[in-house]
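Structure assessment
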Amino acid sequence: MTQAPGEAYDVVILGAGSGGYAAALRAAELGMSVALIESDKVGGTCLHRGCIPTKALLHAGELADEIRESEQFGVNSTFEGIDINGVNSYRDSVVARLYKGLQGLVSSRKIEVINGYGRLVGPDTVEVDGRRVTGRNVVLATGSYAKSLPGLEIGGRVITSEEALTLDWVPKTAIVLGGGVIGVEFASVWKSFGADVTIIEALPHLVPAEDEALSKGLERAFKKRGIKFSLGVRFAGVERSDDGVKVTLEDGTTYEADLLLVAVGRGPSTANLGYEEQGLRIDRGFVLTDDKLHTGVANIYAVGDITPGLQLAHRGFAQGIFVAEQIAGLDPAPITESGIPRVTYCQPEVASVGLTEAQAKEEHGADGVEVLEYNLGGNGRSQILKTTGFVKLVRAKDGPIIGVHMLGARMGEQIGEGQLIVNWEAYPEDVASLIHAHPTQNESLGEAALALAGKPLHSHN
């Protein structure tokens, strides 16, 4: 609803990505007047340039692999190649449907969307293209951008994930700088599309933020798929030409390819937005808050990728809802970072929630932790799908399960139960008493719990 001149909104939200629009929807649901300010499109990076389009490409890649490998299932088929324009059309249609639905939601809750570049100019005021928008509460949700390394300029055949999503050709060879979530997902999809891919990661493992067992399992799977990687050696520089790139590492090793994807993480979009001038505490670009996501200044809150922690759309959703409820006086429970599920949608998928084994030992002591791995070789559905991997459970000794870590086809779909186990502090015996449908991938979680409870069924002690 448009406010009368001089009248303040209950909530003014700067940024309409995952955190911002979730805060807007919940605040409006709770009866508050809301202004949602966005310089681009409602939905932000996740919907338009991140999660959704990337996963659409990954699904297309999965289908390509299934066609290539269909003979092992007794199905004769011929793979005729990737029609990248067709793939991009499919990707865009998914995004368009979700965008239309989101616009409908926002409109139905009478949220005023103000298109333009907003800047914080007072403790209760955001200026948008000369218009001053005042709110009794202000929520900052300006998201993140694709980072590069110092001195590494993006352009030509050196691209970020945003340019990679809009390519109208499939590279024959590609180098991916960064073995985190974004890097391994693009490496996976390009390999499925037929490219020869090499990942360069300065840390000792791929997906280095995950449990080491998952990292090593993914490395084995990628080797089997023919995805190459260099670990533990830093990037030194790149030479570029009209035809490709030549990348050099600090040990002198060189790699040549059609293009270089820079996937070294995302930085908070907080520069030149007036945050520091209003007294907000900023650390390495991130807005610092308390556990209620309050910045310590007036009634200003911050959510999503601009706050330190996991940069995940569903974290943004949760934080946006939390802040709206906090403003409404509902006193919601603070969000526990370790209880947020994490999924990497490469093939095979990586899914986790809770503490890694190393984190658990740091918190509970080396003797205060029990660990169990259930190999998917014992899972009927996994054998049907011809996937390999495992479920790893980490528990406090004689206590609840505090970490769930999974590798294998479709394991991202199992993380829902994993997060209930961790966040509800379930004991192995609690999960073992639940009946899991057979044959399902989900059953592997139940089997792991059975084994950790001391009564394994389809696995050895």
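Cut-offs and rules
Residues numbered from 1 in each chain as written. Predicted model: local features only at pLDDT ≥ 70, side-chain atom pairs only at ≥ 80, totals over all residues. Heavy atoms only, no water. Helix = DSSP H or I, 4+ residues; strand = E, 2+ residues; numbered from the N terminus. Buried < 20%, exposed > 50% of the residue type's maximum accessible area, 1.4 Å probe, protein only. Contact = heavy atoms within 4.5 Å. Areas by Shrake-Rupley, 256 points an atom, 1.4 Å probe, with all protein chains shown as cover. Lys, Arg positive; Asp, Glu negative; His and termini not counted. Charge placed at Lys NZ, Arg CZ, Asp CG, Glu CD. Disulfide = S-S within 2.5 Å. Pairing = 2+ DSSP bridges. Axes fitted to C-alpha atoms, helices over the stretch in contact; angles between N-to-C directions. 1 Å grid on protein atoms, 1.4 Å probe; cavity = no way out; pocket = protein on both sides within 12 Å on 5 of 7 lines; lining within 4 Å. Points joined across faces, edges and corners; volume = space filled by probe spheres on them. Nonpolar A, V, L, I, M, F, W, Y, C, P; charged D, E, K, R; others polar. Expected span 1.5 Å × (residues − 1). Polar contact = N/O pair within 3.5 Å; in protein donor to acceptor, adjacent residues only side chain to side chain. Parallel < 35°, antiparallel > 145°, perpendicular 65-115°, else oblique. Left-handed = near helix turned anticlockwise from the far one by under 90°. Salt bridge = Lys/Arg side-chain N within 4 Å of Asp/Glu carboxyl O. Core = buried A, V, L, I, M, F, W, Y, C linked by side-chain atoms within 4.5 Å.

Topic: the overall build of the protein
Counting secondary structure elements, the protein contains 13 helices and 24 strands. With the C-alpha coordinates of the protein rotated into their principal frame, the extents come out at 70 × 60 × 45 Å. Expressed as a percentage of the 461 residues in the protein, the buried residues total 51%. Taking the contacts inside the protein whose residues are at least 6 apart along the sequence as the reference set, 62% of them involve residues at least 24 apart. Carbon and sulfur atoms provide 49% of the accessible area of the protein, an area that totals close to 20,800 Å². Taken together, the 41 basic and 59 acidic charged side chains of the protein have centroids lying 2 Å from each other.

Quick word on the state of the cysteines
Under the defined criterion, the tally for this structure stands at zero disulfides. As a non-bridged cysteine, C346 has C51 as the owner of its nearest cysteine sulfur, 15 Å distant.

Points about the sheet that holds strand β20 (residues 342-344)
By definition, the strands of a sheet pair up through backbone hydrogen bonds, in either a parallel or an antiparallel sense. Pairing within the open sheet is antiparallel, and its five strands lie in the order β20-β21-β24-β23-β22. Each edge of the sheet is formed by a strand with only one pairing partner; in this case those strands are β20 and β22 (369-375). Strand-to-strand twist of the sheet, defined as the mean angle between neighbouring strand axes without regard to direction, takes the value 10 degrees. In terms of strand pairing, β22 meets strand β23 (residues 390-396) through seven bridges, oriented antiparallel. Pairing of V369 across the sheet is with A396, part of β23. This element, helix α11 (residues 415-423), spans β20, β21 (349-354) and β24 (401-408) of the sheet and lies at about 165 degrees to β24.

Some remarks on empty space enclosed by the protein
Within this structure, the stated rule accounts for two cavities of 30 Å³ or more. Contributing to the lining of the largest cavity are L57, I84, N88, A164, L165, L167, W169, V170, P171, V189, W190 and F193. Its residues placed into classes, the lining of the largest cavity shows 11 nonpolar, one polar and no charged. A volume near 50 Å³ is recorded for the second largest cavity. Around the second largest cavity sit A146, K147, S161, I182, V262, A263, V264, G265 and R266, which together line it. Classifying every residue of the lining of the second largest cavity by side-chain character gives five nonpolar, two polar and two charged.

Thoughts on helix α7 (residues 212-225)
Owing to its 3.6 residues per turn, the α-helix aligns residues three or four sequence positions apart on the same side. Taking 1.5 Å per residue as the helical rise, α7 with its 14 residues ought to reach 20 Å, and the 20 Å between its terminal C-alpha atoms agrees with that figure. Residues of α7 that are buried: A213, L214, S215, G217, L218, E219, A221 and F222. Where α7 begins, the capping side chain belongs to D211, and its oxygen is found 3.0 Å from the backbone nitrogen of A213. Once α7 ends, the next one or two residues include G226, with phi positive near 90 degrees.

Some points on the side chain of D65
Relative to the helices and strands, D65 is located in helix α3 (residues 51-68). Among all residues touching D65, those that are not within four sequence positions of it are S192 and R225.

Points about the packing of helix α6 (residues 181-192) against α7
Where α6 contacts α7, the axes come no closer than 11 Å and their chain directions differ by 20 degrees. On the basis of their axis angle, the class for α6 and α7 is roughly parallel. The two elements α6 and α7 meet at a crossing, and its hand is left-handed. Here V184, S188, K191 and S192 of α6 come into contact with α7, specifically with L218, F222 and R225.

What about the pattern of salt bridges?
Taken as a whole and judged by the stated rule, the model has 24 salt bridges. We note a salt bridge from E162 to R266, for which the minimum N-O separation is 4.0 Å. Pair noted here: E162 is in helix α5 (residues 161-165) and R266 is in strand β16 (residues 266-268), with a separation of 104 residues, a long-range link. When salt bridges with common partners are traced through the structure, they connect R26, E29, R109 and E325 into a single cluster.

Here's the deal with the layout of surface pockets
Considering only enclosed or pocket space, the second largest pocket measures out at about 740 Å³ in volume. Every residue lining the second largest pocket is counted, 19 residues in all, and those nearest its centre are E69, Q347, L385, K386 and T387. For the lining of the second largest pocket, the elements supplying multiple residues, two or more each, are α3 and α7. Of the residues forming the lining of the second largest pocket, the biggest block, four residues, is contributed by α3.

With respect to the nonpolar core
Counting residues in hydrophobic clusters, the biggest one holds 35 residues, and the most contacted among them are V176, V184, W190, I199, L218, F222 and L261. Elements that contribute at least two residues to this core include exactly α3, α4 (84-108), α5, β9 (173-177), α6, β10 (196-201), α7 and β15 (259-262). Element by element, the count of residues in this core is highest for α6, at five residues. Discounting chain neighbours no more than four positions away, the residues touching I199 are V176, G178, G179, V184, A187, L206, F222, I227, K228, F229 and S230.

Here we look at the sheet that holds strand β11 (residues 228-231)
As summarised here, the arrangement of the five strands in space is β8-β15-β9-β10-β11, forming an open sheet in which the pairing is parallel. In this open sheet, the two edge strands, each paired with only one partner strand, are β8 (158-159) and β11. With respect to the sheet, α6 is in contact with β8, β9, β10 and β15, its orientation differing from that of β10 by roughly 170 degrees.

Thoughts on the pairing of strand β14 (residues 254-257)
The sheet contact formed by strand β13 (residues 245-249) and β14 spans four bridges and is antiparallel. Paired with K246 across the bridge in β14 is E256. Between the end of β13 and the start of β14, which pair antiparallel, lie four residues, with G252 showing a positive phi angle near 95 degrees.

On their own, these measurements won't tell you what the molecule is for.
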